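What follows is each chain in one-letter form.
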Amino acid sequence: MLHAKDIILVLLFVGSTVCLEVEITPTQGEISVGESKFFLCEIVGVAKEIDWYSPSGERIEPNKPEITVTRNDESSSTLTLYKAGVDSAGTYKCLATNGDQSAEATVNVKFYQRITFKNAPSPQEFNEGDNANIVCDVISSPPPTIIWKHKGAKIQMEKDVRFKILPNNHLQIRGIKKTDEGSYTCEGRLMARGEIDLKIIRVIVNVLPTIRVWQSEVNATAGVGQSAMLTCAADGYPEPMVTWARAGVLLESGEKYSFNEDGSEMTIMEVAKLDEGEYSCIAKNKAGESEQELSLRVFVKPKITFLLNQSTSEMEEQVTLTCEASGDPTPTINWSFGLRPFTEGEQASWTRPEQHKSLDGNVVVRSDARVSSLTLKYANFTDAGQYLCSARNAIGVDSQPAYLEVRYAPKIHGSVTVYTWEGNAANISCEVLAHPSDVSILWLRDGFQLPNANITKAKVFQSPTASYLEVTPESENDFGSYNCTAANEMGTESKEFLLIQADVPSAPSLGEVEPFSSSARVEFQEPDATGGVPVLQYRAEWKTVGRGSWVQRVFDVQGALSEVTITGLKPETNYEVKMSAINGKGEGETSPAVVFKTEPVREPEPPKLEGTLQTKGNSLKVNWLKQDDGGSPITHYLKYQADWKPEIRLPSGSEYVVLSGLEWNTEYNVFVVAENLQGKSQPGTLTIRTSPEPAAIPELNGAPSALSTGIMAGILILAFVLLLLAVDVTCYFTNKCGLIMCLCGKPGSGAKGHNLEQGKAAFMKDESKEPIVEVRTEDECTANHNAGGPTEPSETTPLTEPDLCMDSVLCYLMCLTAWNPLVCPFSLVDVGCSVCVISNCMPPVTQTSCLLFTPPPQSPRRVPVTSLSSVCVSALSLLSLPGWPLTLLPWLWTPSRL
């Protein structure tokens, strides 16, 4: 019979055997190469030990680097594979033991290769034109399918034969272009797992540099501090680096060479001839290197390197001047003497040696290589002087003088015949040219040296280059031959000079006479014979036909004189005119008279205008020269100006007008018309432009801002004078007294007197043969048709008697000179020298004079001429007093009885 204890033990054993079970999660193990994964082993029941075994059957120790076993608790354990490889594939077993009991489970671990890009660098660079292989190495298990894309689209190999997928799945582009540059996609696919992965590869196409040259040959000039620039433009990718070399040597920046930022421009400083040659522009980048040659041509201005002065004797030997010159291009050499070149036609050049001769064959020019020579076969004294050698090429010119010295015997020049008359000194000039210039000159008369006792009226004057014989003939014997002899070390020369008796000129030949109303222009020709001496004057004589006496005028010869103008004629009158010539010997015969008739009375001829800009620049002085008055005196002139101001009526005696306040830099047309009783003349016209407006003159540095004391004093004096003038004008118009009254005369004085005061011309007719006397002021000019004389006289104005008031003024001055203001007050000084002045202000001697010379009230009389000297003495003594203007005040501004 079983006991209860035994039954319990049996149940426990059976229960323990049933509960020990092992399970691995996950049951399947597929791992990608390089992937990490863990497996969980769970125990049902109580297990004392839980162990993991590798596919090789070895127990896996805990905490290995690649495979780790971890006991989680009493019923589980974890196997972890880190970055497992293919060698880790196989069946792994989990074994649980508890005493004599054990249980196990296995899991089969398999590995596969995911799509992996082993070698697909980015970017990948290629040179343009190369066969480019774009690398993309992809691995997987099973092997993947590779697809290439460009710009998001699959590359169609059949459409562009340049693209090809190689067996190793690389993409080949044959003759790759810059346009092929961009991003390419390398895509791997596994249909079995539906796996896909891609890699974007950037493709860069490098372009070999290309060099562009605008000017392959650069010209420069040496010796003038000029710099030369060589330029090349390089294109490529990446941007190329530009360097320069010469003869294989790299050029660096320094004093001789400089480069811009990208090196495309090289500047050669201070170009010299040695810098000429070939230069290399080198452009380099990743695609390679390019090179371009540039040439520098250095020109050199001509320079004369050899030229010497020469010396020779006249007509003895030939002489050669030699000129050498350098330059690039090789210059041509020319010779000249003054304005005369010594070559004819095309100049000789170095490449075509030529020989040129002068017209007389005496001068020969030869040119060869860099030398030119000028040869004078027979040197003459006129060949002496400066010869200019000029070397010229396309760059410039160089000239240097060479001096040729010619030694020669004296050469005598001068007028062979000299005219004079008895009693008139004549100079005979013996002008000598000689080299050496140390010359002795002698004058001989009948073999005797001058001066001598026989000829006392001869004098000799010497100068470095001439000798002058002055002879004053006294009789016919003094005329004749005179010898001048000159000598130096080269030889002697003599020359005979003739002193001839001069004669009066023949009569001039009268030509056309152009009559006007009150004048006539007479044309004539010079006398056929001048008598050996110049004509100095012409005498013109004219009168009315059949009556009257001859009126004459002498015209001086200034330059060429072929016409004269006679004036003072009457309209519509027949006149006859004749002329004679006058030289130093005397007056010649008179020409036959020519008859003409003057024109009727008509309008005057237009005046001739002359304009002068004044100092200010916008003021214009217009002068006019009176022409023929048409037989009627000119009454006045009308001045007007287009688009500016209305006409201005000017007196007949006026000769100019000043226009002020004009616009700057503006052209003005001025017209002046002369008018007489018959009407107006055609306008005389003048066009003139004013000066440009000047810039403002800045104030001088350090100049005081305030007016100086002298300027202030001047202003005060001017103001005082203006005040006195204003008072005097008031007295003139109100009381008919004062200084203006005395100077201007009584009211109503005629215009003729006014013209006389203006200093206009007055002509006095003289029936004798003496010329008409013309009286004018300094600034007046006479109207002329030519340089020979006036065309028309001014109006005739008879002289008027001076006003009697001036006598009283002089007497007053004498009285006031002796006036003593302390004795006689201002109020007592009145017209006619009041009794107070006479009795108290003058010494006895003066009182008598004053009473004699002072006119009684309202009875002015002339001061005798004999007494004017006493009056002038008294007036001068008055002016010598410092306060003399004040002494005049009471007399000037007191109502007078003038």
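Named according to an unreviewed UniProt entry, the chain is Neural cell adhesion molecule 1b originating from Hucho hucho.

A. Quick peek at the pairing of strand β27 (residues 288-307). Note: strand β19 (residues 217-222) against β27, six bridges, orientation parallel. Its bridge partner lying in β27, alanine 220 is registered against valine 298. Here strand β26 (residues 277-285) pairs with β27 via nine bridges, running antiparallel. Bridge pairing in β27 places glutamate 278 opposite serine 295. Between the end of β26 and the start of β27, which pair antiparallel, lie two residues. Of the pairings in the sheet, the one linking β27 to strand β29 (residues 319-328) comprises five bridges and is antiparallel in character. Bridge pairing in β29 places lysine 303 opposite serine 326.

B. Quick peek at the state of the cysteines. Applying the stated criterion across every chain, the model contains five disulfides. Between the sulfur atoms of cysteine 136 and its disulfide partner cysteine 186 the distance amounts to 1.9 Å. Here the S-S torsion is close to -90°, and the disulfide linking cysteine 136 with cysteine 186 is therefore left-handed. With cysteine 136 in the loop between β11 (132-134) and β12 (137-139) and cysteine 186 in strand β17 (residues 182-190), this pair connects stretches of sequence that are 50 residues apart. Assigned by exposure class, cysteine 136 and cysteine 186 land together as buried. Between the sulfur atoms of cysteine 323 and its disulfide mate cysteine 389 the distance is 2.0 Å. Linking cysteine 323 and cysteine 389, the disulfide has an S-S dihedral of approximately -80° and is accordingly described as left-handed. Taken together, the residues span a long stretch of sequence, with cysteine 323 in strand β29 and cysteine 389 in strand β35 (residues 385-392) at a distance of 66 residues. In terms of burial, cysteine 323 and cysteine 389 fall into one category: buried.

C. Focus on the packing of aromatic side chains. The full count for this structure, using the stated rule, is five aromatic pairs. Ring centres 4.9 Å apart and planes at 45° place the aromatic pair phenylalanine 381 and tyrosine 408 in the tilted group. Placement of the pair is phenylalanine 381 in the loop between β34 (371-376) and β35 and tyrosine 408 in strand β36 (residues 397-413), with a sequence separation of 27 residues. Here tyrosine 408 falls in the buried class, since its relative accessible area comes to 9%. The positively charged end of lysine 178 is found above the aromatic ring belonging to tyrosine 237, 3.4 Å away from the centroid. Geometry around tryptophan 550 places lysine 578 over its ring, the cationic atom sitting 4.2 Å from the centre.

Reading guide: rules and limits
Residues numbered from 1 in each chain as written. Predicted model: local features only at pLDDT ≥ 70, side-chain atom pairs only at ≥ 80, totals over all residues. Heavy atoms only, no water. Pairing = 2+ DSSP bridges. Helix = DSSP H or I, 4+ residues; strand = E, 2+ residues; numbered from the N terminus. Disulfide = S-S within 2.5 Å. Buried < 20%, exposed > 50% of the residue type's maximum accessible area, 1.4 Å probe, protein only. Phe/Tyr/Trp six-rings, centres within 6.5 Å; stacked < 30°, edge-to-face > 60°. Lys NZ or Arg CZ within 6 Å of the ring centre and 35° of its normal.

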